Every structure is written in C-alpha cells, then in structure tokens.
Amino acid sequence: LLVGHGRILTMYDIGKKRLLRKAENKRVVPNRICTLQVYGERVFVSDIQEGIHVVIYHAEQNLFFVTANESIPRWVTSTALVDFSTVAGGDKFGNLFVVRLPPEANRAVEDNPSAGSVREGDFTLDHRLTQEVSFHAGSM
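Here we summarise the structure given alongside this text. No experiment lies behind these values; they were computed from the predicted model shown.

Procedures and definitions
Residues numbered from 1 in each chain as written. Predicted model: local features only at pLDDT ≥ 70, side-chain atom pairs only at ≥ 80, totals over all residues. Heavy atoms only, no water. Phe/Tyr/Trp six-rings, centres within 6.5 Å; stacked < 30°, edge-to-face > 60°. Helix = DSSP H or I, 4+ residues; strand = E, 2+ residues; numbered from the N terminus. Buried < 20%, exposed > 50% of the residue type's maximum accessible area, 1.4 Å probe, protein only. Lys NZ or Arg CZ within 6 Å of the ring centre and 35° of its normal. Salt bridge = Lys/Arg side-chain N within 4 Å of Asp/Glu carboxyl O.

On to the packing of aromatic side chains. Applying the stated criterion to the full structure yields two aromatic pairs. An angle of 70 degrees between the planes, with centres 5.2 Å apart, marks the rings of Tyr39 and Phe84 as edge-to-face. With a gap of 45 residues between them, Tyr39 in strand β4 (residues 33-39) and Phe84 in the loop between β8 (76-83) and β9 (86-91) connect regions that are remote in the sequence. Looking at Phe84, the relative accessible area reads 28%, which means it is partly exposed. The ring of Phe97 carries Arg74 above its face, with NZ or CZ at 4.0 Å from the centroid. If you follow Lys92 out to its NZ or CZ, it ends over the ring of Trp75, 4.6 Å from the centre.

Pasting the structure below:
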C-alpha cells in the first residue's frame, strides 16, 4: 500500500495483525501530494502547486529517491500514466499537458536510481521532465 499524505510518501506492508511501515520519505514534494501513479518501481507524484516529480523506490535499501521533476510549476488536479516514462495531466486552469522523462535521463535513472537524485528536502535535481504537449481546453 502506497500512501501520500501531506509531503510524506509512505509504503506499508501487510503484517499478521496490522500494516507495517516499510519505507518512508518525509519530503517528496515541496507542498502537498495530490496524485500518485505507479509503474513498477517508479512513482509519479504530483504536487498540488509544483507539478510532477518522479520517485524511484529502491527495494534493496527500502528508500524512495526523487530523481526528476518539472521545471514548470502547475496546480495539478489529475494525472494518468501513458507509458513507462510519460504522464498526462490537467491543472485547475483547464490546461492539459503531457510530460516525459527524456531518454538520456531514463537510462541514467535505470542504471543508478540514486545518482543525481535526492532522498529528502532539496529539490534541485539533475533531471527534468520535458513538456511534450500543452493545450488549454478553453481555447476550443
């Protein structure tokens, strides 16, 4: 079970009588987690005010690493996975967008999830999501 509450991302496992906290990152996003989309070990976390962040779960260490984020701040309301490195979303102003982790960043993250990433707090990352499509629904 993966839970986002406030700024905290927590993974729980099933014990004999209760849920057990398996992994936790106390500062995944700057403000508040809005949506979670999971694809394998990747978690696409949208912040209520700062856009989408890519978080990798490292199973051997039981840690979450924030590996990429958006350079454009957005007030995200919903997201949907398109493929392994692409997310579509919408914000509260009626904008629809598609962002993708670039291929070179994708390879770097696959080779070493903790390289160029942060565990908690600092949000200056080496990798940025690129905007593929942006469309305002009110312009139709």
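Right, picking up where we left off after that structure.
Enumeration over the complete set of coordinates arrives at three salt bridges. Arg21 serves as the salt-bridge partner of Glu24, at 3.8 Å between the closest nitrogen and oxygen. Here Arg21 falls in the exposed class, since its relative accessible area comes to 57%. The residue Glu24 makes a salt bridge to Lys26 at a minimum N-O spacing of 3.6 Å. Classification of Lys26 by relative accessible area gives partly exposed; the value is 48%.

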